[in-house]
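Structural features, examined
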Amino acid sequence: MPGTRKLGRPTAHRQAMLRGMVTYLLENGSIETTLTRAKEVRSLTEKMITLGKKNTLAAKRATMAFITKEDVVKKLFDTIAPEYADRNGGYTRMYKLGPRRGDGAEMALIKLVADEQEAAKEAKKETKKKAAKVEEVKAEEVVAEATEETKAE
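Owing to the predicted nature of the structure, the values given are computational and were not obtained by experimental measurement.

Structural notes on the environment of K60
Here K60 is to be found in helix 3 (residues 57-66). Distance in space between the C-alpha atoms of K60 and G102 is 41 Å, their sequence separation being 42 residues.

Thoughts on the confidence of the model for the chain
Counting all residues, the mean pLDDT for the chain is 88, and 92% of those residues have values of 70 or more. When mean pLDDT is taken per element in the chain, strand 3 (residues 106-112) scores highest with 97 and helix 5 (residues 113-152) scores lowest with 74.

A look at the environment of R9
Examined against the element boundaries, R9 turns out to sit in the segment before helix 1 (11-28). Taking relative accessible area as the criterion, R9 reaches 25% and is therefore assigned partly exposed. It is 14 Å that separates the C-alpha atoms of R9 and R19, two residues lying ten residues apart in sequence. Discounting residues that sit within four places of it in the chain, R9 has contacts with R14, M17 and R37. Among the polar contacts made by the side chain of R9, one reaches the main-chain carbonyl oxygen of L7 at a distance of 3.0 Å.

Scoring rules and cut-offs
- Residues numbered from 1 in each chain as written.
- Predicted model: local features only at pLDDT ≥ 70, side-chain atom pairs only at ≥ 80, totals over all residues.
- Heavy atoms only, no water.
- Helix = DSSP H or I, 4+ residues; strand = E, 2+ residues; numbered from the N terminus.
- pLDDT = per-residue confidence, 0-100.
- Buried < 20%, exposed > 50% of the residue type's maximum accessible area, 1.4 Å probe, protein only.
- Contact = heavy atoms within 4.5 Å.
- Polar contact = N/O pair within 3.5 Å; in protein donor to acceptor, adjacent residues only side chain to side chain.

Okay, structure coming up:
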């Protein structure tokens with residue numbers, strides 16, 4: 001275990017909870033949890049992605065021993081790890097969300113960085129498309145004005 005946080009649980013329960021959270025994060029790309037749990041999940045997730053980048057039989061076996069779903073391990077080795085091939089650490093990003101209603105626990109959103117990069121690329125594409133549409137509409141207006149002028153003459 002990388003961290004020293006006990007999270008108010010016996011060892012077996014804590015390890016099972018963290019394994020499940022790491023699996024869920026790798027499967028879905030983001031997870032909302034308490035800040036201290038997110039910090040633990042972050043370090044474990046980064047270790048799993050680093051193992052995925054090695055792509056050896058020993059790394060696959062170590063990953064299978066930790067992650068609870070085989071299809072998530074396959075996704076890790078086939079799609080997630082290659083996205084981070086040129087990146088040394090920092091595969092996840094945490095956002096503080098403020099206190100949870102009810103008990104006031106500090107909440108955090110933890111995401112894989114690649115998901116954010118894809119979202120940013122999509123946003124750029126959408127803005128380019130909007131800009132192209134605006135230019136197209138302006139060009140049509142200019143053509144319409146020119147045709148009206150020629151008809152008027």
